[in-house]
Amino acid sequence: SASASPLLAGLVTSGLARPGSQDLGIDVHPYDFRVRDRDGGESRELYALGPIIRGAVWESIAVPEIRLAAVRIAEQITGA
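Source: prediction; values computed, not measured.

Let's talk about the confidence of the model for the protein chain
Consideration 1: For the protein chain, per-residue confidence averages 89 on the pLDDT scale, and residues scoring 70 or more make up 98% of the total.
Consideration 2: Looking over the protein chain, one finds the lowest element-wise mean pLDDT in strand β2 (residues 42–47), namely 88, and the highest in strand β1 (residues 34–36), namely 96.

Given below as structure tokens:
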């Protein structure tokens, strides 16, 4: 759950993120991995990947999927 981590709990408390489905980590858009805020809007600057997004993208706990997510995020940041 997001409350298990002080960083994630702070993001949720401040409204910059919202808990993921079934309170698993934080919620992200499943394609571009942008963190969804309290109202479901997507952050233009905040991305997440790995086990903390398993509520939105269950496959995010496997290394090959994490690698692909990292590439997708890097492409968005660099505009590639």
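The discussion continues.
Re unusual backbone geometry
Consideration 1: Here the phi dihedral of Asp23 falls at roughly 60°; this positive angle occurs in a residue that is not glycine.
Consideration 2: For Asp23, the location among the structural elements is in the loop between α1 (6–14) and β1.
Consideration 3: Accessibility expressed as a relative area gives 39% for Asp23, which makes it partly exposed.
Consideration 4: Despite not being glycine, Phe33 shows a phi value in the positive range, around 65°.
Consideration 5: Tracing the sequence through the fold places Phe33 in the loop between α1 and β1.
Consideration 6: You can call Phe33 buried: its relative accessible area is 6%.

The rules behind these values
Residues numbered from 1 in each chain as written. Predicted model: local features only at pLDDT ≥ 70, side-chain atom pairs only at ≥ 80, totals over all residues. Heavy atoms only, no water. pLDDT = per-residue confidence, 0-100. Helix = DSSP H or I, 4+ residues; strand = E, 2+ residues; numbered from the N terminus. Buried < 20%, exposed > 50% of the residue type's maximum accessible area, 1.4 Å probe, protein only.

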